[in-house]
Amino acid sequence: MEQQNKVSLWVGTVASRSRLNEIMQEVYDDEGDVSSQFMEVFKIDYIDNQFQEVYFYENLASKEEAFNGFSYSESFINHIQETNWAEKNSLILLYNFEYDGNTKSGLGLEFIGVFNFSEDQ
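Now for a description of the structure that goes with this document. The structure presented is a predicted model; accordingly, all values stated were derived computationally and were not measured.

**Here's the deal with the pairing of strand S1 (residues 2-12)**
Bridge analysis of S1 against strand S5 (residues 90-97) gives seven bridges, and the strand direction is antiparallel. Across the sheet, residue Val7 finds its bridge partner in S5, namely Tyr95. Judged from the seven bridges that link them, S1 and strand S7 (residues 109-116) form a sheet pairing that is antiparallel. Within the sheet, the bridge partner assigned to Ser8 lies in S7 and is Val114.

Set out below in C-alpha coordinates:
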(Lines give C-alpha, C1' and ligand atoms only; values in the text may rest on other atoms or scores of the structure.)
Protein backbone atom coordinates (compact mmCIF):
# COMPACT_ATOMS: atom_id res chain seq x y z
CA MET A 1 0.00 0.00 0.00
CA GLU A 2 3.02 2.27 -0.04
CA GLN A 3 2.62 4.89 -2.75
CA GLN A 4 4.68 8.05 -3.13
CA ASN A 5 2.82 11.38 -2.91
CA LYS A 6 -0.44 9.81 -1.71
CA VAL A 7 -2.04 10.49 1.65
CA SER A 8 -4.80 8.34 3.12
CA LEU A 9 -7.18 10.07 5.50
CA TRP A 10 -9.42 8.94 8.35
CA VAL A 11 -11.62 11.29 10.36
CA GLY A 12 -13.89 10.50 13.26
CA THR A 13 -15.09 10.84 16.78
CA VAL A 14 -13.49 8.87 19.60
CA ALA A 15 -14.12 9.11 23.34
CA SER A 16 -10.84 10.80 24.32
CA ARG A 17 -7.25 11.55 23.42
CA SER A 18 -6.16 8.50 25.44
CA ARG A 19 -8.61 6.31 23.50
CA LEU A 20 -7.17 7.55 20.19
CA ASN A 21 -3.67 6.80 21.50
CA GLU A 22 -4.86 3.32 22.50
CA ILE A 23 -6.29 2.73 19.00
CA MET A 24 -2.95 3.69 17.41
CA GLN A 25 -0.68 1.98 20.01
CA GLU A 26 1.63 -0.48 18.27
CA VAL A 27 2.04 -3.93 19.83
CA TYR A 28 4.68 -6.47 18.83
CA ASP A 29 4.08 -10.22 18.88
CA ASP A 30 6.65 -12.94 19.62
CA GLU A 31 7.82 -12.96 15.98
CA GLY A 32 8.39 -9.20 16.02
CA ASP A 33 5.37 -8.38 13.84
CA VAL A 34 3.66 -5.10 14.68
CA SER A 35 -0.04 -4.45 14.95
CA SER A 36 -2.50 -1.97 16.43
CA GLN A 37 -6.26 -1.82 16.81
CA PHE A 38 -6.31 0.62 13.89
CA MET A 39 -4.27 -1.73 11.70
CA GLU A 40 -6.41 -4.73 12.61
CA VAL A 41 -9.78 -3.08 11.97
CA PHE A 42 -8.70 -1.50 8.68
CA LYS A 43 -6.70 -4.59 7.62
CA ILE A 44 -3.38 -2.80 7.20
CA ASP A 45 -0.25 -4.96 7.35
CA TYR A 46 2.30 -2.24 7.96
CA ILE A 47 2.42 1.48 8.71
CA ASP A 48 5.66 3.44 8.72
CA ASN A 49 4.87 5.64 11.71
CA GLN A 50 7.44 8.18 10.53
CA PHE A 51 4.90 9.04 7.82
CA GLN A 52 1.78 9.31 9.96
CA GLU A 53 0.12 12.22 11.68
CA VAL A 54 -2.53 11.64 14.34
CA TYR A 55 -4.35 14.40 16.13
CA PHE A 56 -7.16 14.73 18.67
CA TYR A 57 -9.09 18.02 18.89
CA GLU A 58 -10.95 19.44 21.86
CA ASN A 59 -13.06 21.84 19.77
CA LEU A 60 -13.13 21.88 16.01
CA ALA A 61 -15.04 24.34 13.84
CA SER A 62 -13.87 23.96 10.23
CA LYS A 63 -11.87 21.92 7.76
CA GLU A 64 -9.27 24.68 7.60
CA GLU A 65 -8.87 24.58 11.37
CA ALA A 66 -8.66 20.78 11.32
CA PHE A 67 -5.80 20.66 8.82
CA ASN A 68 -3.90 23.73 10.00
CA GLY A 69 -0.33 22.66 10.63
CA PHE A 70 -0.54 19.25 8.94
CA SER A 71 2.23 18.45 6.49
CA TYR A 72 1.47 19.31 2.87
CA SER A 73 -2.22 19.91 3.67
CA GLU A 74 -2.36 22.99 1.45
CA SER A 75 -1.80 20.68 -1.54
CA PHE A 76 -4.86 18.47 -0.86
CA ILE A 77 -7.24 20.24 1.54
CA ASN A 78 -9.46 21.55 -1.27
CA HIS A 79 -10.17 17.96 -2.38
CA ILE A 80 -11.49 16.83 1.01
CA GLN A 81 -15.26 16.70 1.19
CA GLU A 82 -17.09 18.91 3.64
CA THR A 83 -18.55 17.34 6.77
CA ASN A 84 -19.81 18.58 10.10
CA TRP A 85 -16.35 19.22 11.51
CA ALA A 86 -17.78 20.30 14.88
CA GLU A 87 -18.85 16.66 15.42
CA LYS A 88 -15.35 15.31 14.68
CA ASN A 89 -12.38 15.21 17.01
CA SER A 90 -9.83 12.87 15.43
CA LEU A 91 -7.70 12.85 12.28
CA ILE A 92 -5.29 10.20 11.03
CA LEU A 93 -3.16 10.84 7.97
CA LEU A 94 -0.83 8.22 6.46
CA TYR A 95 1.59 9.73 3.96
CA ASN A 96 3.07 7.83 1.02
CA PHE A 97 0.29 5.33 1.61
CA GLU A 98 -2.64 4.44 -0.64
CA TYR A 99 -5.26 2.62 1.39
CA ASP A 100 -7.45 0.33 -0.70
CA GLY A 101 -10.59 1.28 1.20
CA ASN A 102 -11.70 -2.28 1.93
CA THR A 103 -12.91 -1.27 5.39
CA LYS A 104 -14.69 2.07 5.42
CA SER A 105 -15.29 2.58 9.13
CA GLY A 106 -14.57 1.26 12.59
CA LEU A 107 -13.39 2.38 16.03
CA GLY A 108 -15.30 5.64 15.59
CA LEU A 109 -13.21 6.47 12.50
CA GLU A 110 -14.23 6.74 8.86
CA PHE A 111 -11.95 6.35 5.85
CA ILE A 112 -12.43 9.52 3.78
CA GLY A 113 -10.16 8.82 0.83
CA VAL A 114 -6.75 8.94 -0.76
CA PHE A 115 -5.43 12.27 -1.98
CA ASN A 116 -2.38 13.39 -3.93
CA PHE A 117 -0.01 15.63 -2.04
CA SER A 118 2.94 17.71 -3.07
CA GLU A 119 5.98 18.47 -0.95
CA ASP A 120 6.61 21.60 -3.03
CA GLN A 121 3.62 23.68 -1.90
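The structure having been displayed, the exposition proceeds.
**Describing helix H1 (residues 17-24)**
Those residues of H1 that sit buried are Leu20, Ile23 and Met24. The buried side chains of H1 occupy one side of the element, clustering within an arc of 90 degrees when seen end-on. In the core, the buried residues of H1 are packed alongside helix H2 (37-41), strand S4 (52-56), S5 and S7.

**Some details on the pattern of salt bridges**
Throughout the structure, instances matching the rule amount to three salt bridges. Two residues, Glu58 and Arg17, come together in a salt bridge whose shortest N-O distance is 3.2 Å. Remark: Arg17 occurs in helix H1 and Glu58 occurs in the loop between S4 and helix H3 (63-67); sequence separation between them is 41 residues. With relative accessibility at 41%, the residue Arg17 sits in the partly exposed group. Salt-bridge contacts for Glu22 lead to Arg19; the nearest nitrogen and oxygen are separated by 2.6 Å. In this pair, Glu22 and Arg19 both sit in helix H1, three residues apart, roughly one turn of the helix.

How each quantity is defined
Residues numbered from 1 in each chain as written. Predicted model: local features only at pLDDT ≥ 70, side-chain atom pairs only at ≥ 80, totals over all residues. Heavy atoms only, no water. Pairing = 2+ DSSP bridges. Helix = DSSP H or I, 4+ residues; strand = E, 2+ residues; numbered from the N terminus. Buried < 20%, exposed > 50% of the residue type's maximum accessible area, 1.4 Å probe, protein only. Arc of directions from axis to C-beta. Contact = heavy atoms within 4.5 Å. Salt bridge = Lys/Arg side-chain N within 4 Å of Asp/Glu carboxyl O.

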